[in-house]
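# Chains, contacts and geometry: an overview
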Amino acid sequence: MRMERGEELAGRLQTIRERMARASEGRYPLPKVLAVTKTHTPEEILPLRDAGILEIGENRVQEIREKLPFLKDFFQIHLIGQLQSNKVKYIIEDVCLIHSLDRLSLAMEIDRQAQRHGRVMPVLVQVSPVGEPQKGGILPEEVLPFLRQVRQLPGLRVEGLMAVMPNLEDREQLSGLFAGMRALFERVRGEGIDGVEMRELSMGMSGDYDLAAAHGATLVRIGSALLGPRG
Ligand SMILES: *Cc1c(COP(=O)(O)O)cnc(C)c1O
């Protein structure tokens, strides 16, 4: 059973990688695939190991807490969803990257909790390419000032940017937004802000990972195209 599921997942992963390679035509290195495992059970998630996946993304603190005992020995866990400051303490020891930093109060709480646990928390700044506050994220023009505010917090280290794209039918328009994110990423990198690294650009999901790869994502967050529809 376990091996069959692993083979199925490996096949889907290969399809995803081939599609990304065709779309990017060698302009950028292939992004890493982060398997988004929200709503899936540990039994469904564990076979990802057989497909060579070592990192998974979850979007809810509560769900991470529940699944952690079954997954922590096998995977590194990324927090990709919006995060309330009062919940930082529940995940600070258990996740390897927080993708959703988008306000100073959250940065300060991550800093406080990380220092308390003697670690430096890697984070990505979430950008909202078209300003959709309900999805979280700051506007592109706010990124540089925000980075200058958080760069001196010793308990966190900014390692890049993350974006959740709007639901657009128009792939040309989506392409433009991905290109804009890559340009922003490079502009910020060019600023060389002390204490800020720009090595990860987390963008692209099941419906648009090919476009994200074509525009220089370094991490794509893929749920349904890999694990099947959510229950
Ligand atoms: C669920 C989720 C994804 C993956 O979505 P799919 O369309 O299933 O690939 C990616 N990023 C975030 C922030 C998510 O919440």
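See the structure printed just above.
Everything quoted here is computed from the prediction, not taken from an experiment.

### A closer look at the layout of surface pockets
- A volume near 560 Å³ is recorded for the largest pocket.
- Lining the largest pocket we find 25 residues, and of these Lys38, Val164, Met165, Met205 and Arg221 sit closest to its centre.
- Per-class residue counts for the lining of the largest pocket are 9 nonpolar, 9 polar and 7 charged.

### Notes on the pattern of salt bridges
- Applying the stated criterion to the full structure yields 18 salt bridges.
- Taking the shortest distance from any N to any O, the salt bridge between Asp210 and Arg19 comes out at 3.3 Å. Linking Asp210 in helix H8 (residues 209-214) with Arg19 in helix H1 (residues 2-24), this pair joins segments that are 191 residues apart in sequence.
- One salt bridge connects Glu55 with Lys32, and the closest N-O pair in it is separated by 2.9 Å. With Glu55 in strand S2 (residues 55-58) and Lys32 in strand S1 (residues 32-36), this residue pair connects regions lying 23 residues apart in the sequence.
- It is possible to trace a salt-bridge network through shared partners that takes in Glu58, Arg60, Glu63 and Lys67.

### Let's talk about the site of the ligand
- By nearness alone, every residue bordering the ligand is listed as Val36, Lys38, Asn59, Ile80, Met205, Ser206, Arg221, Ile222, Gly223, Ser224 and Arg230.
- At 2.9 Å, a side-chain N or O of Arg221 approaches a nitrogen atom of the ligand.
- The backbone of Ser224 places a nitrogen or oxygen atom 2.9 Å from an oxygen atom of the ligand.
- Protein chains bury 88% of the 390 Å² of accessible surface belonging to the ligand in isolation.

### Quick word on the environment of Ser105
- Along the chain, the position of Ser105 falls in helix H5 (residues 104-116).
- Here Ser105 falls in the partly exposed class, since its relative accessible area comes to 44%.
- Separated by 80 residues in sequence, Ser105 and Phe185 have C-alpha atoms that sit 23 Å apart.

### Focus: the nonpolar core
- Counting 67 residues, the largest nonpolar core has Leu48, Ile110 and Leu161 as its most contacted members.
- If you tally residues by element for this core, the top one is helix H7 (residues 171-191), at 7 residues.
- In this structure Leu48 touches Leu9, Ala35, Thr37, Ile53, Ile56, Phe75, Leu226 and Leu227, once residues within four positions along its chain are discounted.

### Thoughts on the environment of Leu48
- With respect to the helices and strands, Leu48 occurs in the loop between helix H2 (42-45) and S2.
- Judged by relative accessible area, which is 0%, Leu48 ranks as buried.
- Separated by 179 residues in the primary sequence, Leu48 and Leu227 place their C-alpha atoms 8.8 Å from one another.

### Here we look at unusual backbone geometry
- One non-glycine residue, Glu25, adopts positive backbone phi at about 45°.
- Following the sequence through the fold, Glu25 ends up in the loop between H1 and S1.
- Positive phi outside glycine occurs at Thr39, with the angle close to 70°.
- Its location among the elements puts Thr39 in the loop between S1 and H2.
- On the basis of relative accessibility, which here comes to 40%, the residue Thr39 falls in the partly exposed class.

### Some remarks on the side chain of Glu159
- Mapped onto the secondary structure, Glu159 falls in strand S6 (residues 156-163).
- Assessed through its relative accessible area of 8%, Glu159 is described here as buried.
- Setting aside anything within four residues of it in sequence, one finds Glu159 in contact with Leu97, Pro122, Val123, Leu124, Glu197, Met198, Arg199 and Glu200.

### Section: the side chain of Ser206
- Checked against the element boundaries, Ser206 lands in the loop between strand S7 (196-202) and H8.
- Of the polar contacts made by the side chain of Ser206, one reaches the side chain of Ser224; its length is 3.3 Å.
- A polar contact is formed between the side chain of Ser206 and the backbone nitrogen of Ala225, at a distance of 2.9 Å.
- Beyond its immediate chain neighbours, meaning those up to four positions away, Ser206 contacts Arg221, Ile222, Gly223, Ser224 and Ala225.

### Side note on H7
- In this model H7 runs 30 Å from its N-terminal to its C-terminal C-alpha over 21 residues, within 8% of the 30 Å that 1.5 Å per residue would give.
- Regarding H7, the residues found buried are Leu174, Ser175, Leu177, Phe178, Met181, Arg182, Leu184, Phe185 and Val188.
- Where H7 is buried, its residues meet strand S5 (121-127), helix H6 (143-150), S6, S7 and H8.
- Near the N-terminus of H7, the side chain that reaches the backbone nitrogen of Glu172, with its oxygen 3.0 Å away, is that of Asp170.
- Just beyond H7, the residue with positive phi is Gly192, at close to 55°.

Cut-offs applied
- Residues numbered from 1 in each chain as written.
- Predicted model: local features only at pLDDT ≥ 70, side-chain atom pairs only at ≥ 80, totals over all residues.
- Heavy atoms only, no water.
- 1 Å grid on protein atoms, 1.4 Å probe; cavity = no way out; pocket = protein on both sides within 12 Å on 5 of 7 lines; lining within 4 Å.
- Points joined across faces, edges and corners; volume = space filled by probe spheres on them.
- Nonpolar A, V, L, I, M, F, W, Y, C, P; charged D, E, K, R; others polar.
- Salt bridge = Lys/Arg side-chain N within 4 Å of Asp/Glu carboxyl O.
- Helix = DSSP H or I, 4+ residues; strand = E, 2+ residues; numbered from the N terminus.
- Near = heavy atom within 4 Å.
- Polar contact = N/O pair within 3.5 Å; in protein donor to acceptor, adjacent residues only side chain to side chain.
- Areas by Shrake-Rupley, 256 points an atom, 1.4 Å probe, with all protein chains shown as cover.
- Buried < 20%, exposed > 50% of the residue type's maximum accessible area, 1.4 Å probe, protein only.
- Core = buried A, V, L, I, M, F, W, Y, C linked by side-chain atoms within 4.5 Å.
- Contact = heavy atoms within 4.5 Å.
- Expected span 1.5 Å × (residues − 1).

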